[in-house]
Amino acid sequence: MSYPVGWYPDYALPGQRRYWDGEQWTHYVHLNETDSGTSRKRRKLPKFRPSEQLVGATYRMLFADRSMIALLFVGSLVAATASGAILFPAIYWGHVEPGWSSGGVLGVLVAGSSLGAASFVFQFVGGAVVAAAHLRAEGRPATARDALGIAWGRRRQLLAWALVSTLVGVLIRMLERMGIGGLVAALTLNLGWAFATVFATPVIMIEGTMPVATVRRSAALLRGHFTVTLISAVTLALPWIAMAVVSVTIGVAGGITLALAEGMAATLTGGLLLAAGVIGFCFFCAVSSALGTYLETLLYRYAVGLPVPGVDQHLLPPLAPA
């Protein structure tokens, strides 16, 4: 939904109006004529930062419901298992080389099927987490069972979306094999798809749309709230990316130590470092994924004007004028 530029009633302070620039509230306000006797009397207030409040609300909501972190962690294991259940028989029994060029048509089909199976699991579990975040934002309890039940109710839409996402992924990987022009086309498609589908899962889970309508709706929401979405996502992701990098570094150091170990102490040290790195990486990825999904849901609610717990109402898009 798009709101025109103009002055709207200020949720924060009754009796004054605040200027909406088409994307966010500004610091310009003026008192209503009926309340002050003077129209368009302006004064500056500190500029509001919805991204900070959205990120803070995301942390509070997720860590009040840690089961969603466990659900995403289990979901990643199930996705890997589903992918492996297709790859391993094809490789060891069918002697197929999965890939986007070297394995021929059969190799592409096997690789695509493996990617599709993992994509559907990820989409289903992600949909469940979105459902939980939406329930929490509505002030209702959210259990893993409830969230999975809601996702199951959207299984047709999620399956269709997983299929479309897989086809786009296969196309991107095949373009990458076609030289510099293919790489540029693949990068362009990848970035465009990523931006156009930022709100895809919340749109599917809350509005029940199919793929074409999902892309249109998600892209429209992003156009009106690009700045807030980008700043919020970067603010949330950076510390977890840093911790994941540290975990990878520890794991690599452990692997090198283990490979070069000549004594029991060195072997034990290398094994512990490798285990710590792997466990830390998996944990940070699960937490980051859960936080990202919750933030995506809260950003969706913000974009469509729904209340977001912990975010001031006057930071939401304005009410349409009567």
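See the structure shown above.
Given the structure is predicted, the values throughout are model-derived calculations rather than measurements.

Asks: What am I meant to see in helix α6 (residues 155-175) here?
Replies: Given 3.6 residues per helical turn, the α-helix brings residues three or four places apart onto the same face. Compared with the 30 Å implied by 1.5 Å per residue over 21 residues, the 30 Å span of α6 between its first and last C-alpha is a close match. Here α6 has its buried residues at Q157, L158, A160, W161, A162, S165, T166, V168, G169, V170, I172 and L175.

Asks: Quick question: what am I supposed to make of the environment of V164 here?
Replies: Among the secondary structure elements, V164 is positioned in helix α6. For V164, a relative accessible area of 25% gives the class partly exposed. Taking the C-alpha atoms as reference, V164 lies 9.1 Å from G116; in sequence the two are 48 residues apart.

Asks: What should I look at first to understand the nonpolar core in this one?
Replies: Counting residues in each nonpolar core, the largest one holds 52 residues, and the members touching the most others are L54, L62, M68, F199, L221, Y294 and L298. Per-element accounting of this core gives the leading share, 13 residues, to helix α11 (residues 264-304). If sequence neighbours within four positions are ignored, F199 has contacts with S218, L221, L222, T229, E296, L299 and Y300.

Asks: What is the right way to look at the pairing of strand β2 (residues 16-20) in this model?
Replies: Residues in a regular strand project their side chains so that they alternate between the two faces of the sheet. In β2, alternate side chains face the same way, and those of Q16, R18 and W20 are buried while those of R17 and Y19 on the opposite face are not. The pairing of strand β1 (residues 6-9) with β2 spans four bridges and is classified as antiparallel. What sits directly across from W7, in β2, is Y19.

Asks: Explain the packing of aromatic side chains to me, please; I cannot follow it from the model alone.
Replies: For any two aromatic rings, the description comes down to two numbers: the centre-to-centre distance and the angle of the planes. For the structure shown, the criterion picks out six aromatic pairs. With centroids separated by 6.4 Å and ring planes inclined at 80°, the aromatic side chains of F124 and W152 adopt a geometry described as edge-to-face. You can see F124 sitting in helix α4 (residues 104-137) and its partner W152 sitting in helix α5 (residues 144-153), a full 28 residues away along the chain. Seen in terms of ring centroids, W161 and W193 are 5.3 Å apart; in terms of plane orientation they differ by 15°. Their pairing is stacked. One end of the pair, W161, is in helix α6; the other, W193, is in helix α7 (residues 179-196), with 32 residues separating them in the sequence.

Asks: I tried to follow the pattern of salt bridges on my own but got confused; where do I start?
Replies: Taken as a whole and judged by the stated rule, the model has two salt bridges. Between E138 and R301 there is a salt bridge whose closest N-O contact spans 2.8 Å. Here E138 is found in the loop between α4 and α5, whereas its partner R301 is found in helix α11, with 163 residues between them in sequence. Note on E138: relative accessible area 39%, which makes it partly exposed. Owing to a relative accessible area of 1%, R301 belongs among the buried residues under this scheme. For the salt bridge of E207 with R217, the shortest nitrogen-to-oxygen distance reads 3.0 Å. Of this pair, E207 sits in helix α8 (residues 200-207) while R217 sits in helix α9 (residues 211-224); the two residues are ten residues apart in sequence, bridging distant segments of the chain. Owing to a relative accessible area of 32%, E207 belongs among the partly exposed residues under this scheme.

Asks: What exactly am I supposed to notice about the side chain of T209 here?
Replies: Tracing the backbone shows T209 in the loop between α8 and α9. A polar atom in the side chain of T209 sits 2.6 Å from the side chain of T214. Setting aside its immediate chain neighbours within four residues, T209 contacts Q157, V203, I204 and T214.

Asks: Help me understand the packing of helix α3 (residues 67-92) against α11, please; the structure alone is not making it clear to me.
Replies: In helix packing, the relevant descriptors are the interaxial angle and the interaxial distance, both defined with respect to the helix axes. Contact pair α3 / α11: the axes reach a minimum separation of 9 Å and the direction vectors enclose 115°. Once α3 is placed against α11, the crossing between them reads as right-handed. The segment α3 lies against α11, with M68, I69, L72 and F73 engaging C282, A286, V287, S289, A290 and Y294. Of the residues contributing to the contact of α3 with α11, the split by class is nine nonpolar, one polar and no charged.

The rules behind these values
Residues numbered from 1 in each chain as written. Predicted model: local features only at pLDDT ≥ 70, side-chain atom pairs only at ≥ 80, totals over all residues. Heavy atoms only, no water. Helix = DSSP H or I, 4+ residues; strand = E, 2+ residues; numbered from the N terminus. Expected span 1.5 Å × (residues − 1). Buried < 20%, exposed > 50% of the residue type's maximum accessible area, 1.4 Å probe, protein only. Core = buried A, V, L, I, M, F, W, Y, C linked by side-chain atoms within 4.5 Å. Contact = heavy atoms within 4.5 Å. Pairing = 2+ DSSP bridges. Phe/Tyr/Trp six-rings, centres within 6.5 Å; stacked < 30°, edge-to-face > 60°. Salt bridge = Lys/Arg side-chain N within 4 Å of Asp/Glu carboxyl O. Polar contact = N/O pair within 3.5 Å; in protein donor to acceptor, adjacent residues only side chain to side chain. Axes fitted to C-alpha atoms, helices over the stretch in contact; angles between N-to-C directions. Left-handed = near helix turned anticlockwise from the far one by under 90°. Nonpolar A, V, L, I, M, F, W, Y, C, P; charged D, E, K, R; others polar.

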